[in-house]
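Chain residues, written in single-letter form:
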Amino acid sequence: MGRFEYASKILSDVINNNLSFRTASKVALKKEENEQIKSEVNAVVGCALRHYYVFKELASRKYPEISEDSFNILSLGLANHIFAKKFDEESFNKYVASESKLEGVEQFISSFNDPKDLIPEDIEYGSKKFLSLRYNLPMWIVNLWEKNCGPFLAKKQFRSLSSKNLYSALRINTYCISDEDFFNKYNDLVPSEIKHIALAKEENINLKSHQAVRHSDGFVYPLGYKLMCEELDIDPLRGIAIYNGCSNHILKELYAILGPFFKADVLCNNQSTLVEAETLKNRYHLEGLSLYECPHTAMLTCISKPVHTMFVSPENSHFQSLIDSPEYFLRCKQEDLDKFIQIEKESILEASKQVENGGELIYFVPTLCKNETKRVVCDFLANNKNFRLVNEKQLFTFDPYKSILYFAIIRKEESHD
């Protein structure tokens, strides 16, 4: 199988078979040993996914009866010609023409030269349709964010999602190394205005594969987790429990501030999250972690007694995934929101039962939907008078912490009985 066939199969598996981009790529390229070919294929497919909506608009105007399979092939041709430029254009366009069976498709692809001219002129600049095409977002997300954040903040958020600087910052592992020693060791990184955060000195530095990350001197993940933990009074001797419905970033942050010896019960809602937690436990020698696979309705079966600090991050719409998962819009549907909201309400209530008097319940979700954030917390507080809100924050990717993250710190009042 060659480059073109690889790209076609991966895109088809993502769009038609609902596989994640990462999984589809891994499956298709598992026998390919040439790393350059893998990189080129992933670049072209990633570009096609990141411009799905504008390519769909252009294709439907030119070919009103276009099939999904033909569109997939055409979008790869547009992605390679306009953005990625990884495949030989002449031969790839011939492949697109042969596989798509679209008349005049080579000339159609070649007619686009400036990415700024992709959005048709008859679509009003700044309109919701324009924002959907410009930032590769489904209309329901555009409508939701404008409703929840207001047009001004929503547009700032849309623009920041296309920024190349979202993962240009690295959290220093302060348990292992001081800031001074870190910057002496890695002279291609510079201090941020935020303490314990390093920035890439040059744009072309890939922090995810940086030596500091490989040596566990730093981590690349949404920096909002650092801010959240700085707001907490964490007492590891009085007990920590974590319910994870989407990611294990909190484990890295706790390691950076507490070291590898803290004890915690970690409850994961599915096998994938559990495997990720096991990987982190082994890599950072977090021997004090007790890991469980557990539905959100059964936390009590895994936690032996109330804890002082209870983190709960249920399954949610996970808008943070828009940053590094180009197929996000295919997996997250508007109709899923009601399911997420119900799970979140049940999760925060179940987690609250595991908090000791005077302890803290930390509810956090990487989303911008108020029905999953403020309203879940308000409903919980209205029905649980022995808890009070200490602090809450909604972070955006245009903030210094470059994160989509909402968190609420809720304290259980001391009982005087």
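See above for the structure.
Residues numbered from 1 in each chain as written. Predicted model: local features only at pLDDT ≥ 70, side-chain atom pairs only at ≥ 80, totals over all residues. Heavy atoms only, no water.

Draft legend 1. Quick look at helix H14 (residues 249-258). Across the 10 residues of H14, 8 count as buried, placing the element largely inside the fold. For H14, the full list of buried residues reads His249, Ile250, Leu251, Lys252, Glu253, Leu254, Tyr255 and Ala256. Phi turns positive one or two residues past the end of H14, at Gly259, with a value near 85 degrees. (Buried < 20%, exposed > 50% of the residue type's maximum accessible area, 1.4 Å probe, protein only. Helix = DSSP H or I, 4+ residues; strand = E, 2+ residues; numbered from the N terminus.)

Draft legend 2. Inspection of the packing of helix H3 (residues 35-50) against helix H5 (residues 68-84) at higher detail. Between H3 and H5, whose axes approach to 8 Å, the crossing angle comes to 105 degrees. Between H3 and H5, the angle falls in the class roughly perpendicular. On the side of H3, the interface is formed by Ala43, Val44, Val45, Cys47 and Ala48, while H5 contributes Ser75, Leu76, Ala79, Asn80, Phe83 and Ala84. Taken together, the residues that form the contact of H3 with H5 break down as 9 nonpolar, 2 polar and no charged. (Axes fitted to C-alpha atoms, helices over the stretch in contact; angles between N-to-C directions. Parallel < 35°, antiparallel > 145°, perpendicular 65-115°, else oblique. Contact = heavy atoms within 4.5 Å. Nonpolar A, V, L, I, M, F, W, Y, C, P; charged D, E, K, R; others polar.)

Draft legend 3. A look at the environment of Gln211. Structurally, the position occupied by Gln211 is in helix H12 (residues 211-214). Sequence separation of Gln211 and Lys31 is 180 residues, and the distance between their C-alpha atoms is 27 Å.

Draft legend 4. Expanded view of the sheet that holds strand S4 (residues 218-219). If you trace the 4 strands from one edge of the open sheet to the other, you get S2-S3-S1-S4, paired in antiparallel fashion. Looking at which strands have only one partner, the edges of the open sheet turn out to be strand S2 (189-191) and S4. Bridge count for S2 against strand S3 (residues 197-200) is 3 bridges, and the pairing is antiparallel. Note on S3: the bridge partner recorded for Pro191 is Ala198. Where H14 meets the sheet, its contacts fall on strand S1 (169-172) and S4, and the angle it forms with S1 comes to roughly 45 degrees. (Pairing = 2+ DSSP bridges.)

Draft legend 5. Representation of the pattern of salt bridges within the structure. Summed over the entire model, instances satisfying the criterion amount to 19 salt bridges. The closest approach of N and O atoms between Glu57 and Arg61, which form a salt bridge, is 2.9 Å. In this pair, Glu57 and Arg61 both sit in helix H4 (residues 52-62), 4 residues apart, roughly one turn of the helix. Look at Glu57 and you get buried, because its relative accessible area is 13%. A relative accessible area of 40% places Arg61 in the partly exposed class. Residue Asp122 is joined to Arg61 by a salt bridge in which the shortest nitrogen-to-oxygen separation is 2.9 Å. Here Arg61 lies in helix H4 and Asp122 lies in the loop between helix H7 (105-110) and helix H8 (128-135), a separation of 61 residues in the sequence. According to the relative accessible area criterion, Asp122 is exposed, its value standing at 57%. (Salt bridge = Lys/Arg side-chain N within 4 Å of Asp/Glu carboxyl O.)

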